[in-house]
Amino acid sequence: MRILIVEDEHDLGTAVHERVRLDGHAVDWFTTLEDARAAMATVDYDFMLLDLGLPDGNGRDLLREIRRTSSDIAILITTAQDQISDRIAGLSDGADDYIVKPYDLNELAARIAAVARRYAAPRRQARYRIGDIVIDRENQSISRDGQGLDLTAREWAIMELLSRNPGRIYSRQQIDTVLYALDRDVDSNTVEVFVSRLRKKVGNAVIRTIRGRGYCLADGEAA
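Residues numbered from 1 in each chain as written. Predicted model: local features only at pLDDT ≥ 70, side-chain atom pairs only at ≥ 80, totals over all residues. Heavy atoms only, no water.

Would you mind going over the overall build of the protein with me for this structure?
Helix and strand counts for the protein come out as eight helices and 14 strands. With the C-alpha coordinates aligned to their principal axes, the bounding extent of the protein is approximately 55 × 35 × 30 Å. In the protein, buried positions account for 46% of the 223 residues. For the protein, the exposed area adds up to about 11,200 Å²; of that, 46% sits on carbon and sulfur atoms. Distance from the positive charge centre (31 side chains) to the negative charge centre (37 side chains) of the protein: 6 Å. (Helix = DSSP H or I, 4+ residues; strand = E, 2+ residues; numbered from the N terminus. Buried < 20%, exposed > 50% of the residue type's maximum accessible area, 1.4 Å probe, protein only. Areas by Shrake-Rupley, 256 points an atom, 1.4 Å probe, with all protein chains shown as cover. Lys, Arg positive; Asp, Glu negative; His and termini not counted. Charge placed at Lys NZ, Arg CZ, Asp CG, Glu CD.)

Below you can see the structure in the form of structure tokens.
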């Protein structure tokens, strides 16, 4: 998933960012509501970890803004506000879950996975077939003629993005952003290099190049 962390505590933010990234997600981390709003204006996030007490306001304001316009992002509140009334207010405003600081990173990871499962079924087809290729989003795997393919984290990140909406064209800049979240050492030709490597594994026809616009998956069907 593409996850947005909104957290102003540096040590905690660093630890959460690293744990979520190691779990295979693309991650962006911001410390203010202003920066979070700016990021959401340009990036399609799947999941948000939202602190409430931020330097420029209350995270619940952003939560309410999001829910007024869309419910297509999962939101988990992470906060030191531990009163029952605080939890009720956050959940009533539209949060999917609520975890109180200090929390265990393993519990956070489990809660992210649990909320994501609730969103996965209605939002996106978990398995998608293109010829002899099967993309399994839930298990983060790809097989060819029933045999599993060994993909790197960057290769899977590209396939995960393209398979969110098969047939939708994703620009080079959008793919760059996903790769940058995994590793900030992204060269100017990184997208082309990894798309080429992917095609060697899944076949040239699976990933289409739309000249001047970007890349998309070829037509397929639910598996």
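Which parts of the structure should I look at to understand the packing of aromatic side chains?
To describe a pair of aromatic rings, one takes the distance between the centres and the angle between the planes. A full pass over the atoms with the stated rule returns zero aromatic pairs. Its guanidinium or amino end placed over the ring of F194, R197 lies 4.9 Å from that ring's centre, counting from NZ or CZ. (Phe/Tyr/Trp six-rings, centres within 6.5 Å; stacked < 30°, edge-to-face > 60°. Lys NZ or Arg CZ within 6 Å of the ring centre and 35° of its normal.)

Mind showing me how you'd approach the pattern of salt bridges here?
Where charged atoms of side chains with opposite charge meet at close range, the side chains can pair. Under the counting rule described, the total for this entry stands at 21 salt bridges. R2 is the salt-bridge partner of D28, the closest N and O atoms lying 2.5 Å from each other. Residue D28 is located in strand β2 (residues 26-30), and its partner R2 is located in strand β1 (residues 2-6); the two are separated by 26 residues in the primary sequence. A salt bridge links E9 to K101; the nearest nitrogen and oxygen atoms lie 3.1 Å apart. (Salt bridge = Lys/Arg side-chain N within 4 Å of Asp/Glu carboxyl O.)

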